[in-house]
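Here are the chains, one letter per residue:
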Amino acid sequence: MSTHQFYMWKALKSLSGDELVFVLENPRDVQTKEVSLAELNSLGEIIYTGGFRQHCILPILRQNLGAVHVFGGFRNVWYFFPLILFAILHNVKVAVMNEPYSIYQAGYVQEEVGWWMRLKVCTRPLLYQLTAGFIKKFIKKVQPCILPISLLAEEQFKQAAFDSGAMYPFGYFVPRQTIIKIKTTRSSEKLQLVFVGSLLRTKGLDIAVKAVEGMYSDGFDISLDIYGFGSPDWFLPAASTCVHYRGALLPKNVQSVMAQYDMLVLPSRHDGWGVVVNEALLQGVPVIVSDRVGSKCLIESSGAGLVFKSENTEDLTFKLKELILQPALFEEMQRRAEAIGDDISPEIGARYLLDVFHYHFFHEGQRPSAIWANVNLDDN
């Protein structure tokens, strides 16, 4: 469980009043330092399985056949998929949250190169097709509910021949921190960018650095400050005057730091979601992302930023120049960023998920729409 999930589940418990049970390997399986063990325990019953093997979870499934079982991915660990098939075969209500897979040959959380990464990239579409095929054969009465994390993931599921009627696009949700901005009014001729994230090649930092360096050489007043864990040596020019590495940030400080910049840039070659986009928008900071960032749907639907073609430095440069040369365009994006915050809260995500479960499993109400992916701010 990550921070992006914790706050949504907390909101869901508050909204529904239903009993929640979380099955985790051990306390270290909670991938966040922001949430204390006491806070986690406040969500509901926590079952730690120790070794977290298939035989530990089968009894839980058998004892809770009437519950909705939410899996954190099809293949996060090898035994998840057999458990999902077992549940579907026994008409258990199953929901699966799954991020998009990467088509870029680099690791998600650490650098990976070579033939093994190339093999994984090539076989992922086939694995998804096989997954869809097996599920169709195992279904008796209850159709599983698929929760693609982003519209990118939804498109991949459709290409793999999953039932589109069983898909409900989902995302990640974090709360807004109360920040008192100390930044002065932005100069229309200057653009201060910030990047927050791990310093991996998959994050595309070299693309952003190249664009900013090129614009600075052409006389544009632009800068990029980079925050994150890892080594900046592979992408940061030795004597840059417009790009600076500022060290790592504690999660609790991310929103307060981003609030002091004009715009967040997330130039990833692959990003399952990219929760820093949420955090920027919650502070009214516009965002420019590549088209391989899952949360680009927040930008496309709200107009609170721009989307550029991944690995295309020229496209990124063109869009950044637009922002400097057309101050009114930036001001409109800033206005929209300030307006969207209330539509991407954990409470909104929880309400949507409850509506999905009621509609999909109990045939109650109308099909929910993904509010954060269909925000209309024209009247605000």
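Treat the numbers as computed from the prediction; the structure is a model and nothing was measured.

**Things to note about the pattern of salt bridges**
For the structure shown, the criterion picks out 12 salt bridges. With a closest N to O distance of 2.8 Å, Asp315 and Lys319 form a salt bridge. Of this pair, Asp315 and Lys319 both sit in helix H11 (residues 313-325), four residues apart, roughly one helical turn. When sorted by exposure, Asp315 lands in the same class as Lys319, which is buried. The partner of Asp355 in a salt bridge is Arg351, and the shortest N-O contact between them spans 3.3 Å. Here the residue Asp355 and the residue Arg351 both occupy positions in helix H13 (residues 346-362), the gap between them amounting to four residues, near one helical turn. Overall, Asp355 belongs to the partly exposed group, its relative accessible area being 31%. Here the salt bridges do not stand alone but share partners, grouping Asp206, Arg269, Arg292 and Glu311 into one network.

**Description of a nonpolar patch on the surface**
On the surface, a nonpolar cluster with roughly 350 Å² of combined accessible area is contributed by Leu126, Leu127, Leu130 and Phe134. Topologically, Leu127 is positioned in helix H5 (residues 115-138).

**What to know about the nonpolar core**
The biggest cluster of nonpolar side chains holds 89 residues, and the ones touching the most others in it are Trp9, Leu147, Leu224 and Leu281. Counting residues in each nonpolar core, the second largest holds 26 residues, with Leu58, Phe74, Tyr101 and Phe157 among its members.

**Regarding the pairing of strand E1 (residues 21-24)**
Here E1 shows a clear split, with Phe22 and Leu24 buried on one side and none of Val21 and Val23 buried on the other. As judged from the four bridges shared by E1 and strand E2 (residues 45-48), these two strands associate in the parallel manner. Counterpart to Val23 in the pairing with E2 is Ile47.

**Comments concerning the side chain of Ser268**
Here Ser268 shows up in the loop between strand E9 (263-266) and helix H9 (275-282). Of the polar contacts made by the side chain of Ser268, one reaches the side chain of Asp271; its length is 2.7 Å. In contact with Ser268, other than residues within four places in its own chain, are Thr202, Lys203, Gly204, Ser290, Arg292, Val293 and Ser310.

**As for the sheet that holds strand E3 (residues 68-71)**
Strand order in the open sheet formed by three strands is E3-E4-E5, with parallel pairing between adjacent strands. This sheet does not close on itself; its edge strands, each paired only once, are E3 and strand E5 (145-148). Ignoring which end each strand starts from, the neighbouring axes of this sheet average 20 degrees apart. Running over the sheet, helix H6 (residues 151-159) touches strand E4 (93-98) and E5 and is turned about 135 degrees from E5.

**Re the packing of aromatic side chains**
What the rule picks out here adds up to 18 aromatic pairs. When the ring of Phe6 is compared with that of Tyr7, the centres are 5.2 Å apart and the planes differ by 80 degrees; the resulting orientation is edge-to-face. As far as burial versus exposure is concerned, Phe6 and Tyr7 are alike and both buried. Clustering of aromatic rings is evident, with ring pairs tying together Phe74, Phe81, Tyr101, Tyr128, Phe134, Phe157 and Phe162.

Reading the values: rules and limits
Here the residue index of a chain counts from 1 through its sequence in written order. Per-residue local features of the predicted model are confined to residues with pLDDT of at least 70, and side-chain atom pairs are confined, for both listing and counting, to 80 or more; whole-chain, interface and lining totals are unaffected and use all residues. Heavy atoms from the whole structure form the basis of all side-chain values; hydrogens and water molecules are not counted. Salt bridges are counted wherever a side-chain nitrogen of Lys or Arg sits within 4 Å of a carboxyl oxygen of Asp or Glu. Each helix is a run of H or I in the DSSP string that is no shorter than four residues. Each strand is a run of E no shorter than two, and both are numbered from the N terminus. A 1.4 Å probe rolled over the protein chains alone gives each residue an accessible area, and that area as a share of the maximum for its type sets the label: buried under 20%, exposed over 50%, partly exposed in between. Any residue with relative accessible area above 30% and no salt bridge may belong to a patch, with like charges joined within 9 Å and the nonpolar Val, Leu, Ile, Met, Phe, Trp and Tyr side chains within 5 Å. Here the accessible surface of atoms and residues is derived via Shrake-Rupley with a 1.4 Å probe, and residues count as covered only by protein chains that are part of the display. Here the nonpolar core consists of buried residues drawn from Ala, Val, Leu, Ile, Met, Phe, Trp, Tyr and Cys, with membership extended through side-chain atoms lying within 4.5 Å. DSSP bridges decide pairing: two strands pair if at least two such bridges lie between them. Between N or O atoms, a polar contact is any pair within 3.5 Å; within protein, one atom must be a potential hydrogen donor and the other a potential acceptor, and residues adjacent in sequence are included only when both atoms are from side chains. Residues are treated as being in contact if the distance between any of their heavy atoms lies within 4.5 Å. A fitted line through C-alpha atoms represents every axis, and for helices the fit uses only the stretch in contact; the resulting angles, taken between N-to-C directions, go from 0 to 180 degrees. For Phe, Tyr and Trp, rings pair up if their centres lie within 6.5 Å, where Trp contributes its six-membered ring, and each pair is then called stacked (planes under 30 degrees apart), edge-to-face (over 60) or tilted (otherwise).

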